[in-house]
Amino acid sequence: MQADGRSGLMLALDVASADEALALAGLTGDYVGCMKVGLRLFTSEGPGLVRRLKEEGHRVFLDLKFHDIPNTVADASRAATALGVNFFTVHAPGGAEMLRAALEAAWDEAARMAVSPPTILAVTVLTSLDSAPMEVLNRARSAWDAGVRGIVAS
């Protein structure tokens, strides 16, 4: 249970439109601690949907799995932080430099805005990929060593 009385559950808003997502969030918001906006919904509805969810008092998990050169991931991390998301994902295979760039950019932006930084979650391996458990553990360890304190593992 969170301090505001809501659960620690995250609800995946895996729907096609902002109207559907907002309706689902409205129906479940008293019971769900955070709304997940993934690639499909974010691509079709954009940052405006995240802003609306935040305005309605929802915590937001932006699940876009950033993975690019460190500078680009830093810019995306800064933008996600400026949107006010509570969590966002990066790909652990992007490497320590990319992960540190994401963390530093999010922390810097949060400090500039005088808000708490989002929790960054490192995705070790996508569930659709067939990977050995050691690969997952190695990626999780590398992400932890880079400073990431949340891991998503299949």
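Refer to the structure printed above.
Before going into details, it helps to say that this report is about the structure given with it.

Conventions we followed
Residues numbered from 1 in each chain as written. Predicted model: local features only at pLDDT ≥ 70, side-chain atom pairs only at ≥ 80, totals over all residues. Heavy atoms only, no water. Core = buried A, V, L, I, M, F, W, Y, C linked by side-chain atoms within 4.5 Å. Buried < 20%, exposed > 50% of the residue type's maximum accessible area, 1.4 Å probe, protein only. Helix = DSSP H or I, 4+ residues; strand = E, 2+ residues; numbered from the N terminus. Pairing = 2+ DSSP bridges. Axes fitted to C-alpha atoms, helices over the stretch in contact; angles between N-to-C directions. Contact = heavy atoms within 4.5 Å. Phe/Tyr/Trp six-rings, centres within 6.5 Å; stacked < 30°, edge-to-face > 60°.

### Considering the nonpolar core
Part 1: Counting residues in each nonpolar core, the largest one holds 35 residues, and the members touching the most others are Val 37, Leu 53, Leu 62, Val 85, Phe 88 and Val 90.
Part 2: Here this core takes five residues from helix 5 (residues 96-113), the largest share from any one element.

### Structural notes on the sheet that holds strand 1 (residues 10-12)
Part 1: One open sheet holds the six strands; their spatial order is 1-2-3-4-5-6, and the pairing between them is parallel. Looking at which strands have only one partner, the edges of the open sheet turn out to be strand 1 and strand 6 (150-152). Sheet twist, expressed as the mean angle between neighbouring strand axes with direction ignored, is 30°.
Part 2: Each of strand 3 (60-66) and strand 4 (87-91) touches helix 4 (residues 70-83); the most contacted strand, strand 3, lies at about 170° to it.

### Things to note about the packing of aromatic side chains
Part 1: Per the counting criterion, the structure on display carries two aromatic pairs.
Part 2: With 6.2 Å between their ring centres and 70° between their planes, Phe 61 and Phe 87 make a pair best called edge-to-face. Of the two residues, Phe 61 sits in strand 3 while Phe 87 sits in strand 4, which places them 26 residues apart along the sequence.
Part 3: Overall, the relative accessible area of 8% leaves Phe 61 in the buried class.
Part 4: A ring pair is formed by Phe 66 and Phe 88, whose centres lie 5.4 Å apart and whose planes are at 45°; its orientation type is tilted. Here Phe 66, found in strand 3, pairs with Phe 88, found in strand 4; they are 22 residues apart in sequence, far enough to count as distant.

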